Amino acid sequence: IKKIAKGHTKQAADVKKAAVLGAGIMGGGIAYQSAYKGTPIMMKDIAEEGIQLGLDEASKLLSKQVDRKKLDVRGMADTLNRIRPTLSYGDFGDVDVVVEAVVENPKVKKAVLAETEGQLKEGAILASNTSTISITDLATALKKPEQFCGMHFFNPVHRMPLVEVIRGEKTSDETIATVVSYAQKMGKTPIVVNDCPGFLVNRILFPYFGGFAMLLRDGADFENVDKIMEKFGWPMGPAYLMDVVGIDTGVHAQAVMAEGFPDRMKQDFKTAMDVMYSEERYGQKNDHGFYRYE
Ligand code: NAD
């Protein structure tokens, strides 16, 4: 993997300042990781409470680093200062890379990406943290599709080493090089993958969630399935994983996968996740998914 990434870093621009759109589970994690590894990052959301959640999460993670003696209190303050929360595009004029991490909905993402593109300096790169949506499709909203690619982190960002860097049809080599190099600067292991719904990891993960949905329909108990998959050796079972990911994000991503691979991924029944979504049980983010978190 390192070899693959190495071949892509020749034309990389140095990322001195970044930005993330959306301060949710992923946006907050991306801001923390960038700041922790030394790159200042603007963190933009549309809601004050979203920003606060992102900052609280970063503080929590940094306190743990202080407890583990990996950081002193000064280091913690310096890292937090590198995260610049905002509700506007005011300071976006000098950012080198923007990572979009808003809701998994192509219409919303296209609108946000097009709006952001207009705020950036010449040569700045836009990347999307989408889990499943085609990068080539998202790029149709942009004037400079060559300066756009996927930068797909995994949850929780501070612990998961892999980042998928996704090359859309028009993405330039320079864009890939810069995003690969920024991922490395963040201490991650980037892999460059071609564009398709779900990229690489989620093409494996979503059939797994589909199998889980079928087991539940056949009468399986989700807690038992979780315990069994843990005994099998996975760090967590599918129900708990769904709660961590967010049931809303999972349902949106499943719809993109079903549209992209209708013969393989279509579920012609209402899944437990669909029912929870309609009841606004989104998992850990609102304390109620398969499990309760109070
Ligand atoms: P989330 O629901 O936790 O957060 C989304 C945030 O985006 C919210 O704070 C919301 O206020 C904000 N937002 C909405 N519209 C906005 C706009 N126009 N401008 C700025 N902010 C806006 O979602 P999440 O789980 O962080 O997912 C974000 C993206 O990351 C999705 O595309 C998702 O598929 C992808 N992703 C999620 C996971 C995961 O495990 N949750 C993993 C990898 C990738």
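Keep in mind that what you see is a predicted model, and the values were worked out from it rather than measured.

Caption draft 1: Inspection of the overall build of the chain at higher detail. From N to C terminus, the chain includes 13 helices and eight strands. A compact globule built from 294 residues should have a C-alpha radius of gyration of about 19 Å, and the chain, at 19 Å, falls within 12% of that. Structurally, the chain occupies a C-alpha span of about 55 × 45 × 40 Å along its principal axes. Taking all 294 residues of the chain together, the buried fraction comes to 50%. Sequence separation of at least 24 residues holds for 69% of the intrachain contacts in the chain that already meet a minimum separation of 6. Accessible surface computed for the chain: about 14600 Å², of which carbon and sulfur atoms make up 53%. Averaging the locations of the 37 positively and 39 negatively charged side chains of the chain gives two centres separated by 7 Å.

Caption draft 2: Structural context of the site of the ligand. Taken together, 22 residues surround the ligand, and among them D45, E104, K109, S131 and V245 come closest. The separation between an oxygen atom of the ligand and a polar side-chain atom of D45 is 2.6 Å. The backbone of V102 places a nitrogen or oxygen atom 3.2 Å from an oxygen atom of the ligand. For the ligand, the accessible surface in isolation is 840 Å², of which the surrounding protein chains cover 87%. When grouped by side-chain class, the residues that make up the shell around the ligand number nine nonpolar, eight polar and five charged. There are two domains that each give the shell around the ligand at least three residues, and those are domain 1 (2-194) and domain 2 (202-286).

Caption draft 3: The arrangement of helix α9 (residues 222-232) in detail. Within α9, burial applies to V225, D226 and M229. Projected down its long axis, α9 shows its buried positions confined to an angular sector of 100 degrees, all on one face. Of the residues in α9, the exposed ones pointing more than 90 degrees away from the buried face are K227, I228 and K231. On its buried face, α9 sits against α8 (201-217) and α10 (238-245). Capping of α9 at its N-terminal end is provided by D221; its side-chain oxygen lies 3.1 Å from the backbone amide nitrogen of E223. In the stretch just after α9, G233 is the one whose phi turns positive, near 120 degrees.

Caption draft 4: Representation of the nonpolar core within the structure. Grouped together as the largest cluster of nonpolar side chains are 37 residues, with contacts concentrated most on I30, M151, F153 and Y182. Residues in contact with I30, not counting those within four places in the same chain, are V20, I41, V99, A101, N129, F153, V157 and M186. Counting residues in hydrophobic clusters, the runner-up holds 23 residues, among them Y89, I135, F148 and V193.

Caption draft 5: Structural context of the domain arrangement of the chain. Domain annotation for the chain reports domain 1 (2-194) and domain 2 (202-286). For domain 1 versus domain 2, the distance between C-alpha centres works out to 26 Å. Taken together, the contacts link seven residues of domain 1 with nine residues of domain 2. When domain 1 packs against domain 2, close to 730 Å² is buried across both sides, 65% of that on carbon and sulfur atoms. If you sort the residues of domain 1 by the area they bury against domain 2, I25, E104 and T132 come out on top, with a joint share of 57%. Where domain 1 meets domain 2, there are zero salt bridges. In this structure, the connection of domain 1 to domain 2 is made through two residue pairs in polar contact (both at pLDDT 80 or more). The residue inventory of the side of domain 1 that touches domain 2, partitioned by class, reads two nonpolar, four polar and one charged.

Caption draft 6: Seen up close, the environment of T178. Locating T178 in the fold gives a position in helix α7 (residues 173-185). With a relative accessible area of 4%, T178 lands in the buried category. Through-space distance from the C-alpha of T178 to that of G150 is 12 Å; in sequence the pair is 28 residues apart. If near-sequence neighbours (up to four positions away) are discounted, T178 is found in contact with Q11, A12, A13, V15, V97 and I125.

Each value, and the rule that gives it
- The residue count restarts for each chain, going from 1 along the sequence in the order it is written.
- Since the coordinates come from a predicted model, pLDDT governs what is reported: local features require at least 70, and pairs of side-chain atoms require 80 or more to be given and counted, while whole-chain, interface and lining totals use all residues.
- Hydrogens and waters are ignored; side-chain quantities use all the structure's heavy atoms.
- The helix count covers DSSP runs of H or I at least four residues long, the strand count covers runs of E at least two residues long, and both are numbered beginning at the N terminus.
- Both definitions apply: the radius of gyration is a C-alpha atom measure, and the globule rule equals 2.2 Å times residues to the power 0.38.
- Think of it in three bands: with a 1.4 Å probe and only protein chains considered, a residue is buried below 20% of the maximum accessible area for its type, exposed above 50%, and partly exposed in between.
- Should any heavy atoms of two residues lie within 4.5 Å, those residues are considered in contact.
- The protein chains shown are the only cover counted for residues, whose accessible areas, like all others here, come from Shrake-Rupley with a 1.4 Å probe.
- Just so you know, the count uses Lys and Arg for positive and Asp and Glu for negative, and it drops His and the chain ends.
- Charge coordinates come from a single atom per side chain, which is NZ of Lys, CZ of Arg, CG of Asp or CD of Glu.
- Think of it this way: one heavy atom of a residue within 4 Å of a molecule or strand is enough to make that residue near it.
- In protein, a polar contact requires one atom able to donate a hydrogen and another able to accept it; more generally it is a pair of N or O atoms within 3.5 Å, and residues adjacent in sequence count only if both atoms are side-chain atoms.
- Here the nonpolar group is Ala, Val, Leu, Ile, Met, Phe, Trp, Tyr, Cys and Pro; Asp, Glu, Lys and Arg are the charged ones; every other residue, Gly included, is treated as polar.
- The domain limits used here are those given by an automatic or database domain assignment.
- To obtain the arc, one takes the directions from the helix axis to the C-beta atoms.
- Grouping buried Ala, Val, Leu, Ile, Met, Phe, Trp, Tyr and Cys residues that are joined through side-chain atoms within 4.5 Å yields what is termed a nonpolar core.
- A simple way to read buried area is as the amount of 1.4 Å-probe accessible surface that goes missing from two parts once joined, with both sides added.
- A pairing counts as a salt bridge when a side-chain nitrogen of Lys or Arg comes within 4 Å of a carboxyl oxygen of Asp or Glu.

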